[in-house]
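Residue-level structure breakdown
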Amino acid sequence: FQGHFSWEKYLKETGASAAPASCFRQSLTPPVNEFKAGMKLEAQDPRNTTSTCIATVVGLTGSRLRLRLDGSDNKNDFWRLVDSSEIQPIGNCEKSGGMLQPPLGFRLNASSWPLFLLKTLNGAEMAPPRIFHKQEPPAPEQNSFQVGMKLEAVDRKNPHFICPATVGALRGVEVQVTFDGWRGAFDYYCRYDSRDIFPVGWCARTGDNLQPPGTKAVMPKTSGPLTDGAVETSAVHTTPAVSKGGGQRGRKPGRRKVKGSWSQKA
Ligand code: MLY
């Protein structure tokens, strides 16, 4: 479900162009997601990347999994593409001589980890090896993004969101991702081969939910009939975005506080 946001219209309205798919470290056909909620797998602990932990799929969105580390709380969920090299079938770690580790912030005493591990795996539904993807797509040879190109990007403060974005700047192998309509509040730099950025149309193809642009920023001026940037943006995007009540004009980015794991003070 894509709300009423249409890239085709939006690109026309903004006079911008989409970054070509060849710029991204993503497969040309988005990877099939055959995982199911409740399945367990091995994942690198995002807060301690040398640790391999047990994770449970707690949600699915497009080609991505929402993961929670067993023994952790529900405030530290993270999202991975199904073809990420950071997820593996259970058994992989020990096969390669490693040991499964408790997650950072393990909620029990460290000494109870071995028993916890036994219990969490006992009778668990393990994600079958065949639904993992053999390897990540290769990184493009170089950073071929250009300033002004449009893309879809994970909002790293709210990683369940993928949103329309623009390349704001280039810095060697890095790309500045600026979120359309959010006045810079969510912008970040990432490597050009980051797995968090996608070509225009990605969400439409994976069935992931692309957020419409925010309404706050003054968009780059185009030859439209309106002259006030702020008015233009709200006129252009008729979708009420993620706001609840109040109307678009009154919405302050960062105002909405939602209980739950993903609202890390957005
Ligand atoms: N916590 C924020 C969420 C904003 C998300 C912005 N992304 C989509 C760029 C809020 O409630 O406004």
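Relevant structure appears above.
Residues numbered from 1 in each chain as written. Predicted model: local features only at pLDDT ≥ 70, side-chain atom pairs only at ≥ 80, totals over all residues. Heavy atoms only, no water.

Looking at the overall build of the protein
Filter applied, for reference: For the purposes of this entry, the term helix denotes a DSSP run of H or I that reaches at least four residues, the term strand denotes a run of E that reaches at least two, and both are numbered from the N terminus. Partly exposed residues are those whose accessible area sits between 20% and 50% of the maximum for their type, while under 20% is buried and over 50% is exposed, using a 1.4 Å probe and protein chains only. Pairs of residues are marked as contacts when any of their non-hydrogen atoms sit within 4.5 Å. Each accessible area is a Shrake-Rupley result for a 1.4 Å probe, and residues are judged covered by the shown protein chains and nothing else.
A tally of helices and strands in the protein yields five helices and 10 strands. The burial tally for the protein puts 48% of its 266 residues in the buried class. Put simply, of all contacts in the protein between residues at least 6 apart along the chain, 62% involve residues at least 24 apart. Of the roughly 13,600 Å² of accessible surface on the protein, 53% is carried by carbon and sulfur atoms.

Let's talk about the pairing of strand β4 (residues 78-81)
Condition: In this scheme, strands are said to pair when DSSP sees at least two bridges between them.
Of the two faces of β4, both are covered, the one formed by Phe78 and Arg80 as well as the one formed by Trp79 and Leu81. The sheet contact formed by strand β3 (residues 64-69) and β4 spans four bridges and is antiparallel. When the sheet's bridge partners are listed, Arg66 is paired in β4 with Trp79.

What about the side chain of Asp180?
Selection criterion: Here a polar contact is recorded for every N or O atom pair within 3.5 Å, except that within protein the pair must consist of a potential hydrogen donor and a potential acceptor, and residues adjacent in sequence are included only if both atoms are side-chain atoms.
Take Asp180: it is sitting in the loop between β8 (174-179) and β9 (188-191). In this structure Asp180 comes out as buried when scored by relative accessible area, which is 5%. There is a polar contact of 2.4 Å between the side chain of Asp180 and the side chain of Tyr10.

Brief notes about the nonpolar core
Threshold: Nonpolar cores were defined as sets of buried Ala, Val, Leu, Ile, Met, Phe, Trp, Tyr and Cys residues, with membership established by side-chain atoms within 4.5 Å.
If you look at the biggest cluster of nonpolar residues, it comprises 31 residues, and the most contacted ones within it are Phe145, Ala153, Val177, Phe179, Tyr188 and Ile197. Residue assignment for this core shows that the elements contributing at least two residues are α1 (7-14), β6 (150-154), β7 (162-171), β8, β9, β10 (197-198) and α4 (202-206). When residues of this core are assigned to their parent elements, the largest contribution, four residues, is made by β7. Formed by 16 residues, the second largest nonpolar core is a distinct cluster that contains Leu41, Leu65, Ala127 and Phe132.

Describing the sheet that holds strand β2 (residues 48-61)
Backbone hydrogen bonds are what pair the strands of a sheet, in a parallel or an antiparallel way. Spatial ordering of the open sheet is given by β4-β3-β2-β1-β5, a layout of five strands whose pairing is antiparallel. Two strands close off the open sheet at either side, each with one partner strand: β4 and β5 (87-88).

Focus on the pairing of β2
Pairing of strand β1 (residues 40-45) with β2, which is carried by six bridges, proceeds in the antiparallel orientation. Each bridged residue has a counterpart across the sheet, and for Leu41 the counterpart in β2 is Ala55. Between β1 and the antiparallel strand that follows it, β2, lie two residues. As judged from the six bridges shared by β2 and β3, these two strands associate in the antiparallel manner. If you follow Thr56 over to β3, its bridge partner there is Arg68. Once β2 ends, the chain turns through two residues before running back antiparallel as β3, passing Gly62 with a positive phi of about 60°.

Digging into unusual backbone geometry
Positive phi outside glycine occurs at Arg183, with the angle close to 50°. Residue placement: Arg183 occurs in the loop between β8 and β9. Taking relative accessible area as the criterion, Arg183 reaches 63% and is therefore assigned exposed.

Some details on the pattern of salt bridges
Going by this rule: When a carboxyl oxygen of Asp or Glu lies within 4 Å of a side-chain nitrogen of Lys or Arg, that pair is called a salt bridge.
Counting across every chain of the model gives 13 salt bridges. Close ionic contact of Asp77 with Arg66 constitutes a salt bridge, the shortest N to O distance being 2.8 Å. In this pair, Asp77 sits in the loop between β3 and β4 while Arg66 sits in strand β3, placing the two residues 11 residues apart along the sequence. In this structure Arg66 comes out as buried when scored by relative accessible area, which is 18%. A salt bridge links Glu136 to Arg195; the nearest nitrogen and oxygen atoms lie 3.3 Å apart. Pair noted here: Glu136 is in the loop between α3 (113-121) and β6 and Arg195 is in the loop between β9 and β10, with a separation of 59 residues, a long-range link. Beyond isolated ion pairs, a larger network of salt bridges with shared partners links Arg25, Asp83, Glu136 and Arg195.

Digging into α3
What counts here: The directions from the helix axis to the C-beta atoms are what the arc is built from.
When α3 is considered as a whole, its buried residues turn out to be Trp113, Phe116, Leu117, Thr120 and Leu121. Projected onto a plane normal to the axis of α3, the buried residues spread over an arc of 120° and lie on a single side. Every exposed residue of α3 that faces more than 90 degrees away from the buried side is listed here: Pro114, Leu118 and Lys119. Buried-residue contacts for α3 involve β1 and β2. The first or second residue beyond α3 is Gly123, which carries a positive phi of 70°.

Quick word on the sheet that holds β10
Overall, antiparallel pairing links the five strands, which are arranged β9-β8-β7-β6-β10 in an open sheet. Each having just a single partner strand, β9 and β10 make up the two edges of the open sheet. In this structure, β6 lies alongside β10, joined through two bridges in antiparallel fashion. Residue pairing in the sheet places Ala153 in a bridge with Ile197 of β10.

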